[in-house]
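# Observations on the model geometry
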Amino acid sequence: MFVAATLAILITMALALTRALLGPTIYDRVLAVNAFGTKTVLLIAVLGFLTGRPDFLDISLVYALINFIGTIAVLKFLKFGDLGTPGSENSEADD
Amino acid sequence: MARQEGGRVIEILVDIVLLSFLAVMAVGILRLRNLFAVVMLSGIYSLISAGLFVTMDAVDVAFTEAAVGGGISTVLMLATLALTTDKEKEPLANLQIWPLLAVFITGAALIYGTLDMPSFGDPQAPIHLHVADRYVAEGPGATGVPNIVTAVLASYRSYDTMGELTVIFTAGIGVMLLLGAGSRRRKD
């Protein structure tokens, strides 16, 4: 069961990787990185159960958090072209 | 027991697949000229190597790689792109033979250097024969910290850890000053 899940995750990782390499637009790449981060979380979780150490689950949770913050930073950069600007004030000024 | 064997085989398979992903990513990073895409690819590179560290049981290293390589580095690289440009210049020459040769010789020397190292997980490796037994046996009693890793980091190596924290704190202040100064200038 876990073996099949691991193989499926590896295949989807390869698919996300292809999109990140080829991806014509920037959004394809951002989405590919986000998807790949999710796949890493899943892979670590499944590997933990596969090798009989389910405590790896905590680590995959931390990865999920990092992935989330990273994606938000990337999207903020794309919208404002800068990471130092306070978002709420500027979005009103821009619109 | 059979399940354990199957787990080993799958672990080796995962290692091979992740390592080939790393190679593909490295070539992609070299070939792309759009630096934003390169930052995205290097984020994936960090995530892959963090996954590899987890399969090698180096969970703390994997934590650091995911937080620093996948999280902070990506954000810092994006901030750099915001201050500079996201298009790389075309390389000057097509193929430079001497740098390539130097890289291959250095890589061969590094691989030759690893041949003398003890094999992965060897209990007779020098690092397991020195003071590790004493830390495991006396650590909890001598320091009063139940977790051995914490006992070593926060008690036996506390001065070292304090120095590391000072370095990280200084670096953090530097980055905040740089980012903050950039935004203030833009408002004027």
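Residues numbered from 1 in each chain as written. Chains lettered and ligands numbered in written order. Predicted model: local features only at pLDDT ≥ 70, side-chain atom pairs only at ≥ 80, totals over all residues.

## Remarks on the overall build of chain A
- The helix and strand tally for chain A stands at four helices and zero strands.
- Helices and strands appear in chain A in the N-to-C order α-α-α-α.
- The buried share of chain A, reckoned over its 95 residues, is 34%.
- Long-range contacts, defined here as pairs at least 24 residues apart, represent 38% of the contacts in chain A between residues at least 6 apart. (Helix = DSSP H or I, 4+ residues; strand = E, 2+ residues; numbered from the N terminus. Buried ≥ 20, exposed ≤ 12 C-beta atoms within 10 Å, placed from the backbone. Contact = placed C-beta atoms within 7 Å.)

## Quick word on the confidence of the model for chain A
Residues and elements named next belong to chain A.
- For chain A, the mean per-residue pLDDT works out to 79, and 84% of the residues sit at or above 70.
- Of all helices and strands in chain A, the one with the weakest mean pLDDT is helix α4 (residues 87–94) (48), whereas helix α1 (residues 2–22) scores best (88).
- Note that pLDDT drops below 50 for residues 90–95; the model gives that stretch two contacts with residues more than four away or on any other chain. (pLDDT = per-residue confidence, 0-100.)

## So, the packing of helix α2 (residues 26–50) of chain A against helix α2 (residues 35–55) of chain B
- In contact at an axis separation of 10 Å, α2(A) and α2(B) are set at 5° when each is read in the N-to-C sense. By the criterion of interaxial angle, the relationship of α2(A) to α2(B) is roughly parallel. Residues Ile26(A), Arg29(A), Val30(A), Val33(A), Phe36(A), Gly37(A), Thr40(A), Leu43(A), Ile44(A) and Leu47(A) of α2(A) pack against Phe36(B), Ala37(B), Met40(B), Gly43(B), Ile44(B), Leu47(B), Ala50(B), Gly51(B), Val54(B) and Thr55(B) of α2(B).
- Along the lines of polarity and charge, the residues of the contact of α2(A) with α2(B) split into 14 nonpolar, five polar and one charged. (Axes fitted to C-alpha atoms, helices over the stretch in contact; angles between N-to-C directions. Parallel < 35°, antiparallel > 145°, perpendicular 65-115°, else oblique. Nonpolar A, V, L, I, M, F, W, Y, C, P; charged D, E, K, R; others polar.)

## A short note on the interface of chain B and chain A
- At the junction of the two partners, chain B supplies 36 residues and chain A supplies 34 residues.
- Listed by contribution, the elements that provide at least two residues to the side of chain B that touches chain A are α1 (2–31), α2, α3 (59–83) and α8 (158–187) of chain B.
- Examining the composition of the side of chain B that touches chain A, we find that twelve residues originate from one element, α3(B), more than from any other.
- Residue classes in the side of chain B that touches chain A are distributed as 23 nonpolar, twelve polar and one charged.

## Focus: the nonpolar core
- The biggest cluster of nonpolar side chains holds 44 residues, and the ones touching the most others in it are Ala20(A), Phe36(A), Ile44(A) and Ile44(B).
- The set of elements that each furnish at least two residues to this core consists of α1, α2 and α3 (56–80) of chain A together with α1, α2 and α3 of chain B.
- Here Ala20(A) is in contact with Arg29(A), Ala32(A), Val33(A), Phe36(A), Met40(B), Leu41(B) and Ile44(B), once residues within four sequence places are set aside. (Core = buried A, V, L, I, M, F, W, Y, C linked by C-beta atoms within 7 Å.)

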